[in-house]
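Examining the three-dimensional arrangement
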Amino acid sequence: MSSNPVAETVASLLPRAKAELTELVAFKSVADFTQFPKSESEAAASWIADALRAEGFVDVALLDTPDGTQSVYGHLPGPEGAKTVLLYAHYDVQPPLDEAGWTTPPFELTERDGRWYGRGAADCKGGVIMHLLALRALKANGGVPVNVKVIVEGSEEQGTGGLERYAEAHPELLEADTIVIGDAGNFRVGLPTVTTTLRGMTLVRVRIDTLAGNLHSGQFGGAAPDALAALVRVLDSLRAEDGSTTVDGLDATAVWEGLEYPEEQFRADAKVLDEVGLIGGDAVADRLWARPAVTVLGIDCPPVVGATPSVHASARALISLRVPPGVDAAEATKLLQAHIQTHTPWGARVTTEQIGQGQAFRADVSTPAYQAMADAMAVAYPGETMQYAGEGGSIPLCNTLAGLYPQAEILLIGLSEPEAQIHALNESVSPAELEQLSVAEALFLRNYAG
């Protein structure tokens, strides 16, 4: 890569990129304003807007989206008649979880063992820096040959759909020939990968009520219906004996055709404890990218410390259901809610409430943009060929953009490879990945311009 002027420029800009990522990570931009001040997210948005203006972007704006958050927009004009590429990232981050579990403070970018640690370093503040690096490298080597639009979302992690609703109300704003979503990741460090499918998702809150109030377990236990026990029965019904997801009426037999995921590699990536088996059957790729997966995200019940000997009158849980391409998320929600109703025991009262939803996504990989990206990645990652992989996570905006701009080509790349541990403790980014993907994106924009 060293003989490539674009790569040389990106390498020279890495110290600046680290300094900027340090500044960006320092904003506690969790878009749940019951946990973190809204001012932290607004400050991050302003930082990005200033960075775009400094690079010559025009029409830079902080967009007030319907969910109460801000997205950052800017336009960098290219040559007359050039194609338009939309670059996407998000600046909001997941909560740090247990800050005491971080080796170094989550909102202080810290270099350790060749990686940069901090919440959002990979997901997805690093994506913002990746876009800036790519554009700076092109500007230093002949200029940016396309029109560039940048949109940086402020609530992707919350799934509240603010940018989706804004884009639907202003469809001309994000219109582009090609859209690069910088919120995915390579299959492993050093293996250039484009994500071609995303699972959709639905979030359902379930509540079970059995009694007017809690009862003494000695006096009433054994006959009084326990709401927590009923909830446990319901949650257990969502899994087969091998742990695979079983929602009545929802197909769970599809097969993934593409890059395989060796079981031992998955065990290492997921840090599965020794002697603990994986759940489900068939290939790991089938389970992750082609089939539904249910996860119990939380249960409202008394903690062990301070618990009293009571039969519980009420219990709640939050359930996530990931659905693969080809499955309508709204229909999956109906099936999940019907399953919960059917499997609630003892005539207990049960209510369900959907609190979030996003459709699955499948890209068309036969388009010119994919060839332009393959050629770019072959240069940025010498000796490697671009791979196609699925992603078990969801980016609902992808389907919104695909619906608004059916002729646009959509590619998903990014810094969230397995070692990044996004959403978990000690999230980090590989500076080598940041460097090579920035080179790849810059060369892609040049290739795509034709």
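Residues numbered from 1 in each chain as written. Predicted model: local features only at pLDDT ≥ 70, side-chain atom pairs only at ≥ 80, totals over all residues. Heavy atoms only, no water.

Concerning the overall build of the protein
Looking only at helices and strands, one finds 12 helices and 18 strands in the protein. For a compact globule of 450 residues, the expected C-alpha radius of gyration is about 22 Å, and the protein comes in at 23 Å, within 12% of that figure. Overall, the C-alpha framework of the protein stretches about 80 × 45 × 45 Å when taken along its three principal axes. Within the span of the protein, comprising 450 residues, buried residues form 54% of the whole. Expressed as a percentage of contacts within the protein between residues at least 6 apart in sequence, the contacts between residues at least 24 apart total 80%. With the model as given, the accessible surface of the protein reaches about 18800 Å², and the carbon-plus-sulfur share is 51%. Of the side-chain charges in the protein, 30 are positive and 59 negative, and the distance between the mean point of each set is 3 Å. (Helix = DSSP H or I, 4+ residues; strand = E, 2+ residues; numbered from the N terminus. Rg over C-alpha atoms; globule rule 2.2 N^0.38 Å. Buried < 20%, exposed > 50% of the residue type's maximum accessible area, 1.4 Å probe, protein only. Contact = heavy atoms within 4.5 Å. Areas by Shrake-Rupley, 256 points an atom, 1.4 Å probe, with all protein chains shown as cover. Lys, Arg positive; Asp, Glu negative; His and termini not counted. Charge placed at Lys NZ, Arg CZ, Asp CG, Glu CD.)

Thoughts on the packing of aromatic side chains
On inspection of all chains with the given rule, the structure shows 8 aromatic pairs. Ring centres of Tyr-370 and Tyr-388 lie 6.2 Å apart, and the angle between their planes is 75 degrees; this geometry places the pair in the edge-to-face category. Residue Tyr-370 is found in helix 10 (residues 368-380), and its partner Tyr-388 is found in strand 16 (residues 387-391); the two are separated by 18 residues along the sequence. Judged by relative accessible area, Tyr-370 falls into the buried class, the value being 2%. An aromatic cluster is built from Phe-187, Trp-256, Tyr-261, Phe-266 and Trp-289, whose rings are joined through pairwise contacts. Lying over the aromatic face of Tyr-448, Lys-83 brings its terminal NZ or CZ to 4.3 Å of the ring centre. Sitting above the plane of the Tyr-117 ring, Arg-112 keeps its charged end 3.8 Å from the centroid. (Phe/Tyr/Trp six-rings, centres within 6.5 Å; stacked < 30°, edge-to-face > 60°. Lys NZ or Arg CZ within 6 Å of the ring centre and 35° of its normal.)

Here we look at the pattern of salt bridges
Taken as a whole and assessed by the stated rule, the structure comprises 17 salt bridges. Close ionic contact of Glu-164 with Arg-165 constitutes a salt bridge, the shortest N to O distance being 3.7 Å. Salt bridges sharing partners connect three or more residues here, namely Arg-16, Glu-20, Glu-55, Arg-136 and Lys-139. (Salt bridge = Lys/Arg side-chain N within 4 Å of Asp/Glu carboxyl O.)

Some thoughts on helix 4 (residues 162-169)
Among the residues making up helix 4, those that are buried are Gly-162, Leu-163, Glu-164, Tyr-166 and Ala-167. Packing partners of the buried residues in helix 4 comprise strand 1 (58-64), strand 2 (70-76), strand 3 (84-90), strand 6 (147-153) and helix 11 (397-404).

Some remarks on the UniProt feature "domain: Peptidase M20 dimerisation" (unreviewed entry) in the protein
The UniProt entry lists residues 204-347 under the feature "domain: Peptidase M20 dimerisation" (unreviewed entry), expressed in the numbering used here. Helix and strand shares over residues 204-347 are 31% and 19% respectively, and the end C-alpha atoms of the span are 20 Å apart. (UniProt positions renumbered as here; feature names shortened; annotations may be inferred.)

Side note on the packing of helix 10 against helix 12 (residues 431-449)
How two helices pack is summed up by the angle between their axes together with the distance between the axes. Running from N to C, helix 10 and helix 12 cross one another at 135 degrees; their axes reach a closest spacing of 8 Å. Our classification of the angle between helix 10 and helix 12 gives oblique. Between helix 10 and helix 12 lies a crossing of right-handed hand. Contact residues: Ala-369, Ala-372, Met-373, Asp-375, Ala-376, Met-377, Val-379 and Ala-380 in helix 10; Gln-436, Leu-437, Val-439, Ala-440, Leu-443, Phe-444, Asn-447 and Tyr-448 in helix 12. (Axes fitted to C-alpha atoms, helices over the stretch in contact; angles between N-to-C directions. Parallel < 35°, antiparallel > 145°, perpendicular 65-115°, else oblique. Left-handed = near helix turned anticlockwise from the far one by under 90°.)

Notes on the layout of surface pockets
Quantified by volume, the second largest pocket comes out at close to 230 Å³. Lining the second largest pocket, in full, are Asp-32, Gln-35, Gln-94, Pro-95, Leu-97, Glu-157, Gln-158 and His-423. Looking at the lining of the second largest pocket, its residues break down into 2 nonpolar, 4 polar and 2 charged. (1 Å grid on protein atoms, 1.4 Å probe; cavity = no way out; pocket = protein on both sides within 12 Å on 5 of 7 lines; lining within 4 Å. Points joined across faces, edges and corners; volume = space filled by probe spheres on them. Nonpolar A, V, L, I, M, F, W, Y, C, P; charged D, E, K, R; others polar.)

Here's the deal with the sheet that holds strand 5 (residues 115-117)
Reading across the sheet, the 3 strands line up as 4-5-18 and stay open at both edges, with antiparallel pairing between neighbours. This sheet does not close on itself; its edge strands, each paired only once, are strand 4 (110-112) and strand 18 (428-429). Here strand 4 runs beside strand 5; their pairing, made up of 3 bridges, is antiparallel. When the bridges of strand 5 are listed, Glu-111 appears paired with Trp-116. (Pairing = 2+ DSSP bridges.)

Some words on the environment of Pro-79
Relative to the assigned elements, Pro-79 resides in the loop between strand 2 and strand 3. Residue class for Pro-79 comes out partly exposed when judged on its relative accessible area of 41%. In sequence terms Pro-79 and Tyr-261 are 182 residues apart; their C-alpha atoms lie 42 Å from each other. Setting aside residues up to four positions removed in sequence, Pro-79 forms contacts with Val-144, Pro-145, Val-146 and Asn-147.

Observations concerning the packing of helix 4 against helix 11
Running from N to C, helix 4 and helix 11 point in directions that differ by 10 degrees, and their axes come no closer than 9 Å. Between helix 4 and helix 11, the angle falls in the class roughly parallel. Residues Leu-163, Glu-164, Arg-165, Ala-167 and Glu-168 of helix 4 pack against Leu-397, Thr-400 and Leu-404 of helix 11. Across the contact of helix 4 with helix 11, the residue classes tally to 4 nonpolar, 1 polar and 3 charged.

Let's talk about the state of the cysteines
Inspection of every chain in the model, using the stated rule, returns 0 disulfides. Of all cysteine sulfurs, the one in Cys-398 lies closest to Cys-124, which takes part in no disulfide; the gap is 11 Å. (Disulfide = S-S within 2.5 Å.)

What to know about unusual backbone geometry
Residue Cys-124 is bonded to the preceding Asp-123 through a cis peptide linkage, with omega at 5 degrees. Tracing the backbone shows Cys-124 in the loop between strand 5 and helix 3 (125-139). In the Ramachandran plot, Asp-113 falls in the positive-phi region, its phi being about 55 degrees despite a non-glycine side chain. Its place among the elements puts Asp-113 in the loop between strand 4 and strand 5. Its relative accessible area of 73% is what places Asp-113 among the exposed residues. Despite not being glycine, Asp-282 has its phi angle at roughly 65 degrees, a positive value.

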